[in-house]
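# Secondary and tertiary structure notes
Chain by chain, the residues run as shown.
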Amino acid sequence: MMKKIGAIALVLLTIACNKTIEKEGNLHLTGTVEGLKKGNIYVQQLKDTNLVIIDTIKFEGKSSFDTKFSIDEPQMLYLYLDRGQTNSIDNNLSFFAEPGEMTFKTTLKEFYANAKFTGSKNQEVYEKYLSIKTNLGNENAELLAKELKNLKKKDPNSAVKIESEKEKLIIRKYLYTANFAVVNGKSEVAPYIALTEIPDANLKLMDTIQKSMSPKVAKSKYGKRLTEWINERKQNEQE
């Protein structure tokens, strides 16, 4: 009889422990990091100017994970992989999270390059913007290569032409980013890229982005900050 009571007590204790450690939150994140058997991934949130850990995903023997945590609204979050080695750019990545069900899959070998998030509409929008940004970045890299070659030739005409192309590329970046934000005014990505990519853009462009935001986005974290930023700039330029 005592053995049975002891066994029942052990089962009840196990259940109680499991309930204690079960995570709660409005964002359910599942996925795999192929090849990772032991290590931690820290989910970080930017508060003021500091990254704060809001969740820790522990890997102990298997590559899959299942976690929950809470966020107030759609926003950019950051993942840091602690693989027990020197920190590198491949240990860090960001994603546009939103409450609900999300999935994250990647590999240990190429943590950053193979990262894929699903379940967030904002992340889908942000990835479309990143493809535009990548194309512009490639064009900029080509111009820098031309500039380096011309340093040896010292051709003044080529130098002027390259500088002109660089200036045009910068203008294109600002126009593409502003247009993307306007077209996607129903997404929190719009004010986010305006603030992070073109904060010093012409105020008319910034006003256009601000006016294109949906009421929901305008009340969001990034929407309110964009409005504040535009007002600050207007006030500074009037002084």
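Look above for the structure.
To start, this report covers the structure provided alongside it.

Reading the values: rules and limits
Residues numbered from 1 in each chain as written. Predicted model: local features only at pLDDT ≥ 70, side-chain atom pairs only at ≥ 80, totals over all residues. Heavy atoms only, no water. Core = buried A, V, L, I, M, F, W, Y, C linked by side-chain atoms within 4.5 Å. Buried < 20%, exposed > 50% of the residue type's maximum accessible area, 1.4 Å probe, protein only. Helix = DSSP H or I, 4+ residues; strand = E, 2+ residues; numbered from the N terminus. Contact = heavy atoms within 4.5 Å. Pairing = 2+ DSSP bridges. Phe/Tyr/Trp six-rings, centres within 6.5 Å; stacked < 30°, edge-to-face > 60°.

### A closer look at the nonpolar core
Membership of the largest hydrophobic core comes to 24 residues, with the highest contact counts inside it found for Phe 96, Tyr 126, Tyr 192, Ile 193, Ile 209 and Leu 226. Counting only elements with at least two residues in this core, the list comes to α2 (121–153), α3 (156–183), α4 (189–197), α5 (203–212) and α7 (221–238). The greatest single-element share of this core, amounting to six residues, is contributed by α4. Ignoring sequence-local partners within four residues, the contact set of Ile 209 consists of Ala 178, Ala 181, Val 182, Ala 190, Ala 194, Ile 198 and Leu 226. Val 43, Leu 77, Leu 81 and Leu 93 belong to the second largest nonpolar core, which has 21 residues in total.

### Observations regarding the environment of Leu 205
Position of Leu 205 among the secondary structure elements: in helix α5. Given the relative accessible area of 24%, Leu 205 is considered partly exposed. Leu 205 sits 31 residues away from Tyr 174 along the chain, and the two C-alpha atoms are 8.9 Å apart. In contact with Leu 205, other than residues within four places in its own chain, are Leu 175 and Ala 178.

### Focus: the pairing of strand β7 (residues 100–107)
Of the strand pairs in this sheet, strand β1 (residues 27–34) and β7 are connected by eight bridges, and their pairing is parallel. Bridge pairing links Glu 34 to Thr 107 in β7. Alignment of β7 against strand β8 (residues 116–118), held across three bridges, turns out to be antiparallel. Across the sheet, the residue bridging to Thr 103 is Thr 118, located in β8.

### Here we look at the packing of aromatic side chains
For the structure shown, the criterion picks out twelve aromatic pairs. Look at Tyr 129 and Phe 180: their rings are 5.6 Å apart centre to centre, the planes differ by 55 degrees, and that puts the pair in the tilted class. Here Tyr 129, found in helix α2, pairs with Phe 180, found in helix α3; they are 51 residues apart in sequence, far enough to count as distant. Given a relative accessible area of 10%, Phe 180 falls into the buried group. In textbook terms, an aromatic cluster arises when at least three aromatic residues are bridged by ring pairs, as seen for Phe 59, Phe 65, Phe 95, Phe 104, Phe 111 and Phe 117.

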